[in-house]
Structures are given as C-alpha cells and as structure tokens.
Amino acid sequence: MQARALIPLLLFSVVSLQLQAATLFSDDFEDHNYNGWTVTGNVATSGTVSLGSYALRLKKTASAVTHINTVGYNSVIVAMNLAASGLENGDECFAEVSTDQGGSWQVLVQKGNGEDNKVFTEGSFSGSAASGNSDLQLRFRSTGNLLGDYCWGDNVSVTGTQGNAPEITVSGNGSFGSVAIDQSANKNISITNDGNSDLSLQINNTADPEFSISHQCPAILQPGNSCAIEINFTPTTVASFSGSIVIDSNDSDESSITINLSGSGFTSGGGGGTPAGFFDPLTGSGITNRSQLTSSALNGSALNRIDYAAYALPIEAAEPINQFQGRLIFNNAQVTTLDFDEQGTRLARVYVDEEKLPIFDFEFVQSGSHLIPVQRGLIVAPESVSWEWLLEPGRVWDEVDDAGFSRAAIPFALQESGANCTHNGVMTFLFKDDGSISNVAVQIGGETCTYFQYDLWGMVSAEYIPASVSGAAILASDYVNEVDRRMPVKPISELSVDYAVFGVDHTQFAIEQGDDLVTFGVAIDGTHYSGSCGTRYGDYPYCEVMDLPSYSTAKTAFASFALALVSQQNGSNIRDQIVTDYVPECNGGQWDDVTFENLTDMATGNYMLSGYESDEGGSAAKNDFFLVYTHAEKIDHSCNRYPRKATPGTKLIYHSSDTYILGNALDDYIGTQDIYEKVVNEIYKPLGLSPVTYKAVRTVDTNADMYHSHGMTLHKDDFIKLAEFLTKSHGQINGQQIIDANIVDDMLQVSGDVGLATFNQDNRYLNGVWTWDMGTNSTYNCPAGTWVSYMSGFGGIGVVMLPNDMVYYYVSDSNAYAFNGAAEELQKIRSFCP
C-alpha cells in the first residue's frame, strides 16, 4: 500500500522538478569584482553600502551593463536591487532592463534626491519579452555630477522555467544592391529552431514580382535544426524594387518576423564597382598597436594634428560588436570652437567665426562595418555665417584595446556658405550600444579652395542617443547600390602595370598641378585608375567619398545638360528662345535679342571689358555677384551690369552671371519644377551619381535659386560618369536619348561648329564646354582640328574627354589647367588622331 502510494508522489516530484525555476544569472558581487559587466565611468565593487559584504558602486555619471541569453526558458523574472547616497537635485540612479538589445530600457528602480538613504529597493520584471531572448540586457546607471554622488547595485538575478517551446532564430538580409537587368542574384535567409519543441513555419512573399522564393523551408522544423529560404531577385527595368517576406511561426514571443527586400536594376552608368570584400564582415584580429587616437586619448581633451592614417580603417580591424543607430550630437547641440590655423592664403571675403563648427545633430545608421548618415548632400547650417555640412558614409570596427567599445570614423566636409570652397576632414570616436560614447576627434587638413586654406582640429564632447531610424534598411540598401554602381577602381600605379607594354608612366600625370594637387584619375575601358587624395597630413583615407567642388564644371554638367534635356523634350527651338520672355529682371533693352544658346556660349554681346575673362575677374563680379547671396542681388548684377557692345553670338566674354540668367530662364520655361531637381531626377539619379550631387548651393531667400554656374559637389566617380554620358553614351541612358544629340555633337566638336575663341584661336568655348586643338602641339602628331573637349573649374579643375575614348580628371588649387603630362602618356595606349 505504501509502495503504491509512492508512485504518484514520485511522479508529482518529477513534474515539480521540471517546472521549478532555474537560475540563469546571479551576481551579488561577493567575489569583489564585476566580471561579466561592461562598465563606463567610475565603477567599482565596495562594501560601504551593500546587502552582503560588497555591492557594485557607480560614482558621478557611469553605467554597468550585462547580457543574458534566456532562449529555451519561459516565465523569466529579472530582479535587481538599487540604493543611493549623496544625491542632489537632478542626480538619479537607475536599475533597468532591455528586451530589444539596448534599443529601449524599462526602469525597475529609480532613486533621486530624497531617496538617497542607502536603503536598497528591489525591482522586478517578468514581461514575456524577457523569455526566449538571446540578448536580455540589465543595466545599472548613474547621472550624478559630483564625486560624492553614489549609486549602489546588488543582488541581481534572472530566473526562468525551462519548458517545451520552440524558439526561432533568423539571420540574413534581403538587401540585393544593384543587379544588371535580366540577371539574377540570390540571398539566403537562415532559420534555426533553438527551442525544444517543433517550430511551425509559414512563409509569405509580399514583395514586387522581381523577388521570388526559389527554395522554401519545411512547414515543421524540429528542435536544433536549421533551414534556408532562398530568395531570387531578377530586375527587369532600371528602377528600385522593394517589399518583404513575412515568417509566421508558433514562437510565443516572435510569432511574425519581417525580412525587408530591396534592390535595383541597372544597365549603364557604371556597375560592379564594389571592391572585393567591401561589405563582408571584417576578419582582422583587432590587434592594431595603436599609438594615436587611443582609447585614453579619445576620452581626454587634447588633440594634435596628425597623419590621417590614424583615422583610417586598419588592416587588422575586427568586426564591430556594437551597433550604432540613432543621433550623434556635438556639444549639447551648440556651435563648437576648435583650434584654427590659417595656411597663409588670401581671403576672398571677411569670414566670421571660421574656427567654429556649426551645430551637429544628425542621425546615422550602421550596416555591418559601414556607418551611413541619414542626410546626404549639402546641409545648410543657418546658425553658421561661414560653413555648411557635408556628411559621407564611414566605417565602424573593433580594436582589442578599446575595452569593449567600437570605433567609428566619419568623413565629412565644411563647405563655404554661399560658395563652393570645400574643406575635407574626418571625425572619429568610440561608442557602445547603450549610448556610451567618448569625445570626438575632429580634423580638417585639406581642401579644394585656392583662396582660403586652413587646419581645424580638436576634441568635441558628444552624446549618442540610440534610437530606431525610420527607413534604416532602405538606407543601407541604397548605399550598397551606390557603391556597386561606381566604376571598378584600381590605384593609379596599376596603370603602369596594365599598360607596361606601351611604356605608360603614371607619375607624369598631373605634373602641371604640382604640390597643389588634390586628386586625379583616368577612366579607360571600364576601369577607373584613381590617384590618391592629398592633404597636408598624408592621404585622405576615404578618398572615394572625398567631397569635391564643381566650381564652373557645373556650367557643363548642370547648365548645358539642363538646356539639352529641355531641348530634347520640347524641341530644339528652345535654344532660340529670347531671355526677356522668361527673365523679367532683364527687360533693360540689351537682352531683347539674346537667346538661351547665346547664354550657354557666353556670347551675349553684353560686357564691360573686352578681355575674355576681364569682367569675371573684376571687383564688380566679385562683390556684386559672387559675394552676394540673394536672388535679387545676383539677378540685378547679371541683368544690369553689362552694356551692349557686340552683336550676340559674335564675341565670347566669360560671365558666370550669364549662366545664372540661363538657369532662371529654364526655371521659368518649364514652370512646374525646379530645373536643378529635374536634372537630378532625370539625369543624375539614372546615371548612378552619388547622393552628394542631389543638392547644390542656393540663394538665401524664398526663391532658393541654385547658382547654376557653380555650387555643386561631386565625388571622383561622378566626374567620370558625367563625362562618359557624353562620350560613350552620347546623351543616352539605357538606349533612350535623354539630352539633345545635336547639343552633344556641339560639346564634342563633331558638328563642325568649333565655338568662339577664348585667349587664342586654338582654345574655344561652346555650349558650356572648353575645347583645345591638340593638332597645334607637335607632341601628338595629329593634324590641325584634332579637338579635345573638357569641363573646367576655378582654381585648377579639369574633366578632359580625350578623343581616344578616355576620360582624365584632376582637382587642384594650382590655378593650372594644362594636362599634357597625362595626355602624352595616354596617347601611348591609343592615338588621339582621327
């Protein structure tokens, strides 16, 4: 009888044992250390205030975070004890828990002034999100400002019941980037059942038809097993595609998981430019033996000017363990003063507060080891008289000596307000998921600006506010597409290797620009041979996204393209339209017979001085056009400064103000859309130009007129795409004529019209393009009339469309425009002669 009674009793005991809560984590700090906790600030174990012999003590502003894996456990309960002492108004202590990998925090216990009596209070959390969580995070945090402000944490525990439940884990992403039309790319999404009972699955595809599932997972996935969903992307047109697949399951806390899908199709404008491994996880050891910008230096206040190599991604960089998504703020969102050293240049204007950074408060999204700013292109900073921001994608990585922090570097530029001078820099800092951040080291040590060169450097206090960023997945996918649409790159030194049989010497390139060279490169048969990007402190480590001003190359790449675009869509007679019909400010008599084409040819017949650049270099143009910033001031100078002295179309006098009139005339002609936005949407984006080209300098009034003659910003790859749009594509995109082919013929000197002479008969200008007769130089052994067309920009910028189907570009502050050094080497590969 007693024996039989034992059977149900034993069964009950077994069941009770199975349901008994297990301790998943416990720390009472009695071992006098905080192993397993990641700390920032002044943290130690102490017996001054504790539940036993020791507790975790946080002084002033500090934090301690630990991570617990509760996968396979239900009914998880978190308990934390907190006490405080010495607090004043505004000082607080927190015990917190996060169920979304540190994205948000729930307060279990909070203490402030008046609750700082050294008495512990226990708080607990038992929400369902704590169960089956692969990264449950607990945090003690203090926000004091004095050495006597203390928070005390003790007796932390996490318990849970191991039960029979499935647990889904999904890995992989649906960002396909850029894929050639009618070609296919595949991605695998992996699903694993980390629980201890069967996982039921249902996969739903809600994406565009260009996405398809070519391999499914089974309806039931047993414990410990994995499967893969294979997604196929086959674009059919030049467009962006998106959608999602939804994974429904019987996981109690993750019953529906969405995988966003994105990709785009391309046929021209580059492609395949992603360097090998660029988006792969970093595989370095993290051992860098760093001597500059160390962890301790970034947490200090002093910064010297150093070689930019210290800001670069090191060879042994390890994949980052922290994830940056949210806001980065400098100096409490105030203007920041840094060390400033002018480099002995001539000032074109009176600068105000040139040593001050504008307010910095921007969102960033991390994807792998890449850090992408949400805002791209020119960012107007109204609080700054001198500068606007340009932010570019940077990198994130880990180094073993950074104490669990990840390291980020962001390339950026300050561009002169209302002008095109561009000063390039890099900033770097350490951060953690929980919002911990070091100071930010900022250094500017190079520019494209002949008249104002300077160094700007210093440490800046910063705040990182982790938060979900709207459209983060799309932003990351767009960046993958952006990189992939670049032309494949090789270093310029490889040119001498690839064309060694011709004896090409790459060191002869850009010799005319000398020490004032910023960068240069050449495109040959689908390969971009890229020169480095020079600064006063070594090579710029993020050369592919160095921000470069257009200056007057915009007269070609924007104004002439705009005229040709509108001509293609509305008929070639647009070139004969009269200025006064569209720009009422020019109703002064001397514009009544001036056409749109006269404006783009710089042949209006209206001028003051007869030298072809004498008006442009005079004080009136400087003070009344370039150094004024409203439409009213600019159009007044453009329309009223210059009297009639020649018949339109007969004499070239170079005026940026003529291009300003043309842009305003085109704005009025199309009526319903800003002409610059039209060019961006219908030319730049389809060509795959970088987002930095999408915005340009505009007047500071309600008109917000683009300057039309200058004010764009470009990357190196953009110069090539714009040139090859003319030379290789003849104004076509994907076989469709986008800009007027007759205007393209004029630009490339194949129409028979060579334009008007500039400083001599061998150098001419037509439809916003400069031309030079290479046949007049015996070096090339070509007949007279062998014209080379090129775009040209102030200070020493050139984009040369060579007649042997190559593109050579250079950016400098040299005021030198010759390109014979490169041309002589490139003719060795293919002749320039017809």
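The sections below set out a description of the structure shown in this document. Predicted model, so just to flag it, every value in this text is computed and none were measured.

**A short note on the overall build of the chain**
Okay, step 1: Looking only at helices and strands, the chain features 13 helices and 46 strands.
Okay, step 2: Over its C-alpha atoms, taken along the principal directions, the chain stretches across nearly 125 × 60 × 55 Å.
Okay, step 3: The proportion of buried residues among the 834 residues of the chain is 56%.
Okay, step 4: Taking as baseline every contact in the chain between residues at least 6 positions apart, the subset at least 24 positions apart corresponds to 70%.
Okay, step 5: Just so you have it, the chain exposes about 32,100 Å², and 48% of that area is on carbon and sulfur atoms.

**Here we look at the nonpolar core**
Okay, step 1: Counting 125 residues, the largest nonpolar core has Trp389, Phe429, Phe558, Ile683 and Tyr684 as its most contacted members.
Okay, step 2: Residue contributions to this core peak at 10 residues, all from helix α5 (residues 553-570).
Okay, step 3: Filtering out sequence-adjacent residues up to four positions away, tryptophan 389 remains in contact with Leu357, Pro358, Ile359, Phe360, Phe362, Gly377, Leu378, Ile379, Phe412, Ala413, Leu414 and Met427.
Okay, step 4: Counting 33 residues, the second-largest nonpolar core is a separate cluster that includes Tyr612, Leu652, Val788 and Ala822.

**So, the state of the cysteines**
Okay, step 1: Per the counting criterion, the structure on display carries 6 disulfides.
Okay, step 2: Two residues share a disulfide in this structure: cysteine 421 and cysteine 449, whose sulfurs sit 1.8 Å from each other. An S-S torsion of about 80° defines the bridge between cysteine 421 and cysteine 449 as right-handed. One end of the pair, cysteine 421, is in the loop between β27 (406-416) and β28 (422-431); the other, cysteine 449, is in the loop between β29 (440-448) and β30 (454-460), and 28 residues separate them in sequence.
Okay, step 3: Among the residues examined, cysteine 449 registers a relative accessible area of 0% and is labelled buried.
Okay, step 4: Linked covalently through their sulfurs, cysteine 586 and cysteine 639 form a disulfide whose S-S length is 2.0 Å.

**Concerning the sheet that holds strand β34 (residues 527-530)**
In sheet architecture, strand pairing relies on hydrogen bonds along the backbone and comes in two forms, parallel and antiparallel.
Okay, step 1: Spatially, 9 strands are ordered β32-β34-β33-β46-β45-β44-β43-β42-β41 in an open sheet, and the strand pairing comes out mixed. For this open sheet the edge positions go to β32 (489-491) and β41 (756-760), each flanked by a neighbour on one side alone. Going across the sheet, the axis of each strand differs from the next one's by a mean of 25°, ignoring polarity.
Okay, step 2: As judged from the 5 bridges shared by strand β44 (residues 787-793) and strand β45 (residues 797-802), these two strands associate in the antiparallel manner.

**Here's the deal with empty space enclosed by the protein**
Empty space left among the atoms is revealed by rolling a probe the size of a water molecule over them.
Okay, step 1: This model, assessed by the stated rule, comprises 2 cavities of 30 Å³ or more.
Okay, step 2: What the largest cavity holds in volume is close to 70 Å³.
Okay, step 3: Along the walls of the largest cavity sit Gly72, Tyr73, Asn74, Ser131, Gly132, Ala165, Pro166, Glu167, Ser252 and Asp253, which together make up its complete lining.
Okay, step 4: The class makeup of the residues in the lining of the largest cavity is 3 nonpolar, 5 polar and 2 charged.
Okay, step 5: Put simply, the second largest cavity is a space of about 50 Å³.
Okay, step 6: Along its surface, the second largest cavity is lined by Glu482, Arg486, Glu544, Gly688, Leu689, Ser690, His715, Asp717 and Asp718.
Okay, step 7: Taken together, the residues of the lining of the second largest cavity break down into 1 nonpolar, 3 polar and 5 charged.

**Describing the packing of helix α7 (residues 619-626) against helix α8 (residues 631-640)**
Geometrically, a packed helix pair is captured by the angle between its two axes and the distance between the axes.
Okay, step 1: Where α7 contacts α8, the two axes come as close as 8 Å, and the packing angle between them is 145°. Two secondary-structure elements touch here, α7 through Ala620, Ala621, Asp624, Phe625 and Phe626 and α8 through Glu633, Lys634, His637 and Ser638.
Okay, step 2: Tallied by class, residues from the contact of α7 with α8 come to 4 nonpolar, 2 polar and 3 charged.

**Concerning the sheet that holds strand β14 (residues 211-215)**
Okay, step 1: The strand order across the open sheet built from 4 strands is β10-β12-β16-β14, with neighbouring strands paired in antiparallel fashion. Only two strands of the sheet have a single partner each, and these edge strands are β10 (168-171) and β14. The sheet shows a mean angle of 25° between the axes of neighbouring strands, taken without regard to direction.
Okay, step 2: For β10 and strand β12 (residues 185-193), the ladder comprises 4 bridges, and the chain directions are antiparallel. Its bridge partner being in β12, serine 171 is matched across the sheet by serine 190.

**Section: unusual backbone geometry**
Okay, step 1: With a phi angle near 50°, asparagine 331 is a residue other than glycine that sits in the positive phi range.
Okay, step 2: As for its placement among the helices and strands, asparagine 331 is situated in the loop between β19 (325-330) and β20 (336-337).
Okay, step 3: A residue is classified by how much of its surface remains accessible, and asparagine 331, at 24% relative accessible area, is partly exposed.

**Thoughts on the side chain of aspartate 601**
Okay, step 1: When you line up the elements, aspartate 601 lands in the loop between α6 (596-600) and α7.
Okay, step 2: In this structure aspartate 601 is buried but unpaired, with arginine 575 as the nearest side chain of opposite charge at 7.1 Å.
Okay, step 3: The contacts of aspartate 601, once residues within four sequence positions are left out, are Leu652, Tyr765, Leu766 and Asn767.

**What to know about the environment of glycine 90**
Okay, step 1: Tracing the backbone through its elements, the reader meets glycine 90 in the loop between β4 (73-85) and β5 (92-98).
Okay, step 2: Classification of glycine 90 as exposed rests on a relative accessible area of 60%.
Okay, step 3: Residues glycine 90 and glycine 538 lie 448 residues apart in sequence; the distance between their C-alpha atoms is 46 Å.

**Comments concerning the pattern of salt bridges**
Okay, step 1: Summed over all chains, the structure comprises 24 salt bridges.
Okay, step 2: In this structure, aspartate 455 and arginine 536 form a salt bridge, with 2.9 Å as the shortest nitrogen-oxygen distance. Separated by 81 residues along the polypeptide, aspartate 455 in strand β30 and arginine 536 in the loop between β35 (534-535) and β36 (538-539) bring together distant segments of the chain.
Okay, step 3: We classify arginine 536 as partly exposed; its relative accessible area is 29%.
Okay, step 4: A salt bridge links lysine 728 to aspartate 805; the nearest nitrogen and oxygen atoms lie 3.1 Å apart. One end of the pair, lysine 728, is in the loop between α11 (716-727) and β39 (732-733); the other, aspartate 805, is in the loop between β45 and β46 (806-812), and 77 residues separate them in sequence.
Okay, step 5: The class of lysine 728 is partly exposed, set by a relative accessible area of 39%.

**Here we look at the layout of surface pockets**
Okay, step 1: Its boundaries defined by the atoms lining it, the second largest pocket holds a volume of some 1,000 Å³.
Okay, step 2: Lining the second largest pocket are 37 residues, with Glu613, Glu616, Phe794, Asn815 and Tyr817 sitting closest to its centre.
Okay, step 3: When residues of the lining of the second largest pocket are traced back to their parent elements, those giving at least two are α7, β43 (769-773) and β44.
Okay, step 4: Residue classes in the lining of the second largest pocket are distributed as 17 nonpolar, 14 polar and 6 charged.

**Some points on the pairing of strand β8 (residues 136-143)**
Side-chain positions along a regular strand alternate between the two faces of the sheet.
Okay, step 1: Of all 8 residues that make up β8, 6 are buried, and the element is covered over most of its length.
Okay, step 2: Bridge count between strand β3 (residues 55-68) and β8: 8 bridges; the pairing is antiparallel. Within the sheet, the bridge partner assigned to alanine 62 lies in β8 and is serine 142.
Okay, step 3: Relative to β8, β5 runs antiparallel, the two sharing 6 bridges. What sits directly across from phenylalanine 94, in β8, is arginine 141.

**Let's talk about α5**
Okay, step 1: Under the 1.5 Å per step criterion, the end-to-end length of α5 is 25 Å for 18 residues, consistent within 8% with the ideal 26 Å.
Okay, step 2: At phenylalanine 561, α5 shows its maximal kink, close to 30°.
Okay, step 3: Immediately beyond the C-terminal end of α5, within one or two residues, lies glycine 571, with a positive phi of roughly 100°.

**Digging into α7**
Okay, step 1: Turning to α7, its buried residues are Ala620, Ala621 and Phe625. Looking straight down α7, one finds that the buried residues subtend no more than 90° of arc, so they occupy a single side.
Okay, step 2: On its buried side, α7 packs onto α8 and α9 (656-670).

**A word on the packing of aromatic side chains**
Okay, step 1: On inspection of all chains with the given rule, the structure shows 53 aromatic pairs.
Okay, step 2: With a centroid separation of 6.3 Å and an interplanar angle of 65°, the aromatic rings of tyrosine 499 and tyrosine 529 are classed as edge-to-face. With tyrosine 499 in the loop between α4 (493-498) and β33 (517-524) and tyrosine 529 in strand β34, this pair connects stretches of sequence that are 30 residues apart.
Okay, step 3: For tyrosine 529, a relative accessible area of 3% translates into the label buried.
Okay, step 4: Look at tyrosine 808 and tyrosine 810: their rings are 5.8 Å apart centre to centre, the planes differ by 40°, and that puts the pair in the tilted class.

What counts, and at which threshold
Residues numbered from 1 in each chain as written. Predicted model: local features only at pLDDT ≥ 70, side-chain atom pairs only at ≥ 80, totals over all residues. Heavy atoms only, no water. Helix = DSSP H or I, 4+ residues; strand = E, 2+ residues; numbered from the N terminus. Buried < 20%, exposed > 50% of the residue type's maximum accessible area, 1.4 Å probe, protein only. Contact = heavy atoms within 4.5 Å. Areas by Shrake-Rupley, 256 points an atom, 1.4 Å probe, with all protein chains shown as cover. Core = buried A, V, L, I, M, F, W, Y, C linked by side-chain atoms within 4.5 Å. Disulfide = S-S within 2.5 Å. Pairing = 2+ DSSP bridges. Axes fitted to C-alpha atoms, helices over the stretch in contact; angles between N-to-C directions. 1 Å grid on protein atoms, 1.4 Å probe; cavity = no way out; pocket = protein on both sides within 12 Å on 5 of 7 lines; lining within 4 Å. Points joined across faces, edges and corners; volume = space filled by probe spheres on them. Nonpolar A, V, L, I, M, F, W, Y, C, P; charged D, E, K, R; others polar. Lys, Arg positive; Asp, Glu negative; His and termini not counted. Salt bridge = Lys/Arg side-chain N within 4 Å of Asp/Glu carboxyl O. Expected span 1.5 Å × (residues − 1). Bend = angle between axes of the 7 residues up to and from the residue. Arc of directions from axis to C-beta. Phe/Tyr/Trp six-rings, centres within 6.5 Å; stacked < 30°, edge-to-face > 60°.

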